[in-house]
There are 2 protein chains.
Amino acid sequence: MVIDIQKVLKDKSFIDKEVTVCGWIKTSRSSKNFGFIELNDGSSFKSLQIVLESNLENFDEVSKYTISSSIEVTGKVVESPGAKQSVELHAKEVKLIGLSDRDYPLQKKRHTMEYLRTKTHLRPRTNTFKAVFKVRSLIAFAIHKYFQENGFVYVHSPIITASDAEGAGEMFQVTTLDLKDIPMVDGKVDYNEDFFGRETHLTVSGQLEAEAFAHAFRDCYTFGPTFRAENSNTARHAAEFWMVEPELSFCKLEGMLENVEGCIKYVINYVLENAPDEMEFFNQFIDKGLLDRLKSIVEKDFGKVTYTEAVELLKESKADFKYPVEWGIDLQTEHERYLTEEIFKKPVFVTDYPKDIKAFYMTLNEDNKTVRASDLLVPGIGELVGGSQREHRPEVLENRMRELGLDVDAYEWYLDLRRYGTVITSGYGIGFERLVMYITGMKNIRDVIPFPRTVNSADI
Amino acid sequence: MVIDIQKVLKDKSFIDKEVTVCGWIKTSRSSKNFGFIELNDGSSFKSLQIVLESNLENFDEVSKYTISSSIEVTGKVVESPGAKQSVELHAKEVKLIGLSDRDYPLQKKRHTMEYLRTKTHLRPRTNTFKAVFKVRSLIAFAIHKYFQENGFVYVHSPIITASDAEGAGEMFQVTTLDLKDIPMVDGKVDYNEDFFGRETHLTVSGQLEAEAFAHAFRDCYTFGPTFRAENSNTARHAAEFWMVEPELSFCKLEGMLENVEGCIKYVINYVLENAPDEMEFFNQFIDKGLLDRLKSIVEKDFGKVTYTEAVELLKESKADFKYPVEWGIDLQTEHERYLTEEIFKKPVFVTDYPKDIKAFYMTLNEDNKTVRASDLLVPGIGELVGGSQREHRPEVLENRMRELGLDVDAYEWYLDLRRYGTVITSGYGIGFERLVMYITGMKNIRDVIPFPRTVNSADI
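What comes next is a walk through the structure. (Residues numbered from 1 in each chain as written. Chains lettered and ligands numbered in written order. Predicted model: local features only at pLDDT ≥ 70, side-chain atom pairs only at ≥ 80, totals over all residues. Heavy atoms only, no water.)

Describing the relation of the copies chain B and chain A
Our working rule: The copies were overlaid with a least-squares fit restricted to C-alpha atoms from residues scoring a pLDDT of at least 70 in each copy. Whether two residues are in contact is decided by their heavy atoms, any of which lying within 4.5 Å being enough.
Superposition record for chain B on chain A: RMSD 0.0 Å, screw rotation 180°, translation along axis 0.0 Å. What we have between these two chains is a two-fold relation. When C-alpha distances to the rotation axis are compared across chain B, the minimum falls at Val174 of chain B, with a value of 2.4 Å. A shared binding surface is used by both copies, with 100% of the interface residues of chain B retained as interface residues in chain A.

So, a positive patch on the surface
Residues and elements named next belong to chain A. What counts here: Patch membership is restricted to residues that have no salt bridge and whose relative accessible area is over 30%. Joining uses 9 Å for like charges and 5 Å for the nonpolar side chains Val, Leu, Ile, Met, Phe, Trp and Tyr. To measure how exposed things are, a 1.4 Å probe is used in the Shrake-Rupley method; for residues, cover is taken only from the protein chains shown. Throughout this description, the term salt bridge denotes a Lys or Arg side-chain nitrogen within 4 Å of a carboxyl oxygen of Asp or Glu. For the purpose of charge, His is not counted, nor are the chain termini; Lys and Arg are scored as positive and Asp and Glu as negative. To locate a charge, the coordinates of NZ of Lys, CZ of Arg, CG of Asp or CD of Glu are taken. In DSSP terms, a helix is any run of H or I states spanning at least four residues, a strand is any run of E spanning at least two, and both are numbered starting from the N terminus. The cut-offs for exposure are 20% and 50% of the maximum accessible area for each residue type, with area from a 1.4 Å probe on protein chains only; residues under the lower value are buried, those over the upper are exposed, and the others partly exposed.
A surface patch of positive charge is lined by Arg29, Lys84, Lys108 and Arg110. Along the polypeptide, Arg110 turns up in the loop between strand 5 (87-98) and helix 3 (113-117). Overall, Arg110 belongs to the exposed group, its relative accessible area being 73%.

Some remarks on the interface of chain B and chain A
Interface extent is often summarised as the accessible area lost during association of the parts. The condition is simple: Once two parts are joined, some of their accessible surface, as seen by a 1.4 Å probe, is lost; buried area is that loss totalled over both. Whenever a nitrogen or oxygen atom comes within 3.5 Å of another N or O atom, the pair is scored as a polar contact, on the condition that within protein one atom can donate a hydrogen and the other can accept it, and that pairs from neighbouring residues in sequence are kept only if both atoms are in side chains.
Facing 106 residues of chain B, the contacting portion of chain A comprises 106 residues. Carbon and sulfur atoms supply 67% of the area buried between chain B and chain A, which totals about 8,700 Å² over both sides. Summed over the shared surface of chain B and chain A, the result is four salt bridges. The partner of Arg198 of chain A in a salt bridge is Asp459 of chain B, with the nearest N and O atoms 3.1 Å apart. Inspection of the chain B/chain A interface yields 37 residue pairs in polar contact (both at pLDDT 80 or more). Per-element accounting of the side of chain B that touches chain A gives the leading share, 12 residues, to helix 4 (residues 127-149) of chain B.

Regarding helix 7 (residues 276-286) of chain A
Among all positions of helix 7 of chain A, only Glu278, Met279, Phe281, Phe282 and Asn283 of chain A are buried. Lining the buried residues of helix 7 of chain A we find helix 4 (127-149), helix 6 (253-274), helix 8 (290-299) and helix 13 (432-440) of chain A.

Here's the deal with the sheet that holds strand 12 (residues 219-227) of chain B
Residues and elements named next belong to chain B. Cut-off, in case you're wondering: Being paired, for any two strands, means DSSP has found at least two bridges between them. For helices, the fitted line uses only the C-alpha atoms of the stretch in contact; every axis is such a line through C-alpha atoms, and the angle between N-to-C directions lies from 0 to 180 degrees.
In spatial order, the strands read 6-12-13-18-17-16-15-14; together these eight strands make up an open sheet with mixed pairing. What marks the edges here is a single partner per strand, and that holds for strand 6 (153-155) and strand 14 (303-306). Each strand of the sheet is rotated relative to its neighbour by a mean of 20°, with strand direction disregarded. In terms of strand pairing, strand 17 (residues 382-389) meets strand 18 (residues 425-431) through five bridges, oriented antiparallel. Each bridged residue has a counterpart across the sheet, and for Gln389 the counterpart in strand 18 is Ser426. Sheet contacts for helix 6 (residues 253-274): strand 13 (240-249), strand 14, strand 15 (348-354), strand 16 (370-378), strand 17 and strand 18; angle to strand 18, the most-contacted strand, approximately 30°. Here helix 13 (residues 432-440) sits on the sheet in contact with strand 12, strand 13, strand 16, strand 17 and strand 18, set at roughly 60° to strand 18.

So, to be careful, I would describe these as geometric facts and stop short of saying anything about function.
So this is what it looks like as structure tokens:
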């Protein structure tokens, strides 16, 4: 029976026993009578050292196996004299599964992130991406675990949408019309002939749909892909990314902030506990100081400040900002980072933003100038989470929609939620990739998405 | 502090204590001096009975609150004399949160499923859909839990794709081109001006991308939305649905079948344990016999039969099929159901299908006629899971692709997986909605998707 390398590395009961393992050759070096292969089977970040001795039947052949070849090894597990690994495997028999071509593009040397982006199908085999995508997987699961343990219902909000949602950004159109021969009526596209009989797009947010479920299940969350057709070629923007959008009923903004803080801390703790090797790797090679930063976030209470106070603090700081600070502006990343890194030195919630820079569905405060919105700012990145208490008063909501010139008819269903037993709800959105970047220290969103989609780029 | 109704119902320590709960009125009836409200806050399937007595300050007003209104109730928890509920709440104070308009479309009476589909934003408030979407959420989580506990890495395969994948079906096009003014060059659409600089579609499967990850992580799974632009207006087809696609390296078909069986049983057990009230409801009102069927599936070993044997069995049965059975045909639902319901009377894996009815990437058997594919057939539904051992020999794979006239260049990256350390991998796909239908007994896919998308229908 083939044993996971992870088990061989961790379970002391294998010592002095004979086992069979399979894996890919990460490195191989040998002299005339002796050889070492680092074998990785994907079950653990760390590889198992295979020791080859010249009494191995096919020693000469095995020592020539190329990087990334797959092999099956039977041998004895022995405690390792080296400090680097706890055990090693003394090979008795080595069988070739698949020899790797000599032109394997990821030979043992440093490759740039840019180069690796041209090999998205192979880069998960490198240490960096093995760590990134394992941690991405753990973060996703930790999010589900957190919400499920707290009684939240997971909702799959629709990907194809006929509504423009919150006007949150440029949208991709979805169609089955033949682009070479678009049916037109009176100078307009005839959507009767399209698949859904109407114009449809890819969703930019599942929040409004989640609110419908929150009015039945109280607490729910979405976790799915969302899209922006924005021509932003930056390290933080992708056309396709995943969002987590929890929605809590009978819950004011303050209760929601507790939930946000609980979620972020839960996820970080889960990753620290379940991916110690990967996190050690990030700390050493990707972002020195990462572990200290994450640990301090888990230990400290998050700060809280109103937008109005925050603007005052930024003005008082006399810091040299590219964008000047005035009440009413949308805070820029430089302001957000200054607040969390220099002033608070920890994650901080900014609350009660001017209504003019926020969406229509947020609860209007009595000052009639600000809304019950809150962003969570974290050191090293700025905004990580954005949320708000929703406007639950049907008249106020409808007025606000008219004020902003929205098509009220298209939101009748959303207004229904307030007409038929309205309750106070609050909700937030976590940009999943941003959270992955934050926890891994990776600096480009393209490097935390398995197959990233950005302007002019949709390979594989 | 407001307490979840679920806790009040389950935790005996609340008995004789005063608590405050919030929720929506499911039903309300009252006489002159006495009233009862069924209150549900979404935290549990069961509602809490509120007892109103005429000494309540606003008794007259409260007894007139409309269905679906939201209220806050403070009162004493007392053991209930009725058999239907364990405890009830004797109201001391009732506060209105949001009165529901009298035209609430889901008054207390039976509505057809068709009608409820026109109210997707409200139907989660009904018993049926509260049960469906809670169980859907639990199934999703159970899937994650099963794979994570078994060391699988969760991969987000891309939604927008530039490849035609396996040619599995009609695709939706994704574009930012102005449909009224499509740029053309030499009679062809000029995709240089489109967002990605090329033609793109919505994915039909994440399998091939998952295989890339399986060659790094060994075991991985996708769980995300997939799309078919097929004009099938049936109870089993949706344009947007979720798929789970696990992929196992160093694993032959047999090992994969064990994993499938483990997964299905794990998920059913998880739901039976975590949603007893909902499952009882389905058993009573949606699909009598459901619980017995599910329990028997968990207890029995799944059967196994080759396609060739299955065809013989079907022929011998002399059953009256609409589509005659011959070696080489794609089994129809009637054949599948006959096999699992009449012949095996339990879930059964059919293996080794004719190569001509299966995809290019499946391992060719030595007979050169069949491939190492397997479908899992289950009583009441037919095919629930489809999978195969992948063709790991690069030359055989490439030959097969040429034989089928595929564009080999577009699959260079996929062939790379076999060039650089090929291993035996096997994988399968579970149509998530089909699994939800199977476990809930619901008969139409539109009724297990929060906001279904089908031909000519994409509301909200």
